[in-house]
Amino acid sequence: KAQSPKPKAQSPKPKAQSPKPKAQSLNVMSDLRELYQEVILDHNRNPRNFGRLEDADLRADGHNPLCGDRLSIAVKVAAGVVTDVRFEGSGCAISQASASLMTEGIKGKTIADTRALFDRFRRLVTDQTAPPDDSLGKLTVFAGVRDYPARVKCAILAWHTLLAAVDDNQDPVSTE
Ligand code: ZN
């Protein structure tokens, strides 16, 4: 008897494969996108400044119920400058990577600079028409989030939590 034809591959591919774009410029865009994702995945796997911060001056907890992300952020401030910041929590890769990159980005900055950075970051992840902003440094990896409105809260949670800490317990004005 004739054998039945070979069954088609049954195990689904782990990743949907998108066709390779042909135009060179599109390849560059695609590579950039992958690079950005790699940065986010790296910070999710190996979060920087993760853990408890003893003797923190400011603390706040944040929760994004839409996704289930939870963050606790602790900050040390001296003379209006963020001297140390750490976070703990669990959630999706975007929320954890955002917290990790935020802590890297604000250490050594003044509270005022941190607020300004948040304003620019919020524009990056919400405003479709925002021009490229080099001053955001590595935080620009989150630009793609603006195409996924449900993810904006994931990316911004760390910042809201940080600002809640700063606003609830304002460091006294420094007289240096
Ligand atoms: Zn999330």
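Presented here is a report on the structure given in the accompanying data block.

About the criteria used
- Residues numbered from 1 in each chain as written.
- Predicted model: local features only at pLDDT ≥ 70, side-chain atom pairs only at ≥ 80, totals over all residues.
- Heavy atoms only, no water.
- Helix = DSSP H or I, 4+ residues; strand = E, 2+ residues; numbered from the N terminus.
- Buried < 20%, exposed > 50% of the residue type's maximum accessible area, 1.4 Å probe, protein only.
- Lys, Arg positive; Asp, Glu negative; His and termini not counted.
- Salt bridge = Lys/Arg side-chain N within 4 Å of Asp/Glu carboxyl O.
- Contact = heavy atoms within 4.5 Å.
- Pairing = 2+ DSSP bridges.
- Donors = N, O, S within 2.8 Å, 3.2 Å for Na, K, Ca; no water.
- Axes fitted to C-alpha atoms, helices over the stretch in contact; angles between N-to-C directions.
- Parallel < 35°, antiparallel > 145°, perpendicular 65-115°, else oblique.
- Left-handed = near helix turned anticlockwise from the far one by under 90°.
- Nonpolar A, V, L, I, M, F, W, Y, C, P; charged D, E, K, R; others polar.

## Examining the side chain of aspartate 69
Piece 1. Within the fold, aspartate 69 resides in strand β2 (residues 69-78).
Piece 2. Look at aspartate 69: it is buried, it has no salt bridge, and the nearest opposite charge is arginine 151 at 5.7 Å.
Piece 3. Setting aside anything within four residues of it in sequence, one finds aspartate 69 in contact with Gly62, His63, Asn64, Ser90, Gly91, Cys92, Ser95, Cys154 and Leu157.

## A short note on the pairing of strand β1 (residues 58-64)
Piece 1. The two faces of β1 differ: Leu58, Ala60, Gly62 and Asn64 on one face are buried, but Arg59, Asp61 and His63 on the other face are not.
Piece 2. Inspection of the sheet shows β1 paired to β2 by seven bridges, in the antiparallel sense. Paired with leucine 58 across the bridge in β2 is valine 75.
Piece 3. Hairpin connection from β1 to β2: four residues lie between these consecutive antiparallel strands, with glycine 68 at a positive phi of about 95 degrees.

## What to know about the coordination of the zinc ion
Piece 1. For the zinc ion, the full set of protein donor atoms is Cys67 (SG), Asp69 (OD), Asp69 (OD), Cys92 (SG) and Cys154 (SG), and the range of their distances to it is 2.2 to 2.7 Å.
Piece 2. Between the donor residues of the zinc ion, the gaps in sequence give the motif C-x1-D-x22-C-x61-C. Residue aspartate 69 is located in strand β2, and its partner cysteine 154 is located in helix α4 (residues 149-168); the two are separated by 85 residues in the primary sequence. For the pair aspartate 69 and cysteine 154, one class covers both residues: buried.

## Quick notes on the packing of helix α3 (residues 111-126) against α4
Any two packed helices are characterised by how steeply their axes cross, that is the angle between the axes, and by the distance between the axes.
Piece 1. Packing of α3 against α4 leaves a shortest axis separation of 11 Å and a crossing angle of 160 degrees. The angle between α3 and α4 falls in the class roughly antiparallel. Once α3 is placed against α4, the crossing between them reads as left-handed. From α3, Ile111, Thr114, Arg115, Leu117, Phe118, Phe121, Arg122, Val125 and Thr126 reach across to α4, where they touch Val152, Ala155, Ile156, Trp159, His160, Leu162, Leu163, Val166 and Asp167.
Piece 2. Its residues placed into classes, the contact of α3 with α4 shows twelve nonpolar, three polar and three charged.

## Some words on the pattern of salt bridges
Piece 1. Here the structure, examined in full by the defined rule, presents eleven salt bridges.
Piece 2. As a salt-bridge pair, glutamate 54 and arginine 52 come within 3.6 Å of each other at their nearest N and O atoms.
Piece 3. Take glutamate 54: its relative accessible area is 48%, and that puts it in the partly exposed class.
Piece 4. Aspartate 167 is the partner of arginine 115 in a salt bridge, and the nearest nitrogen-oxygen pair spans 2.7 Å. In this pair, arginine 115 is assigned in helix α3 and aspartate 167 in helix α4, connecting sequence segments 52 residues apart.

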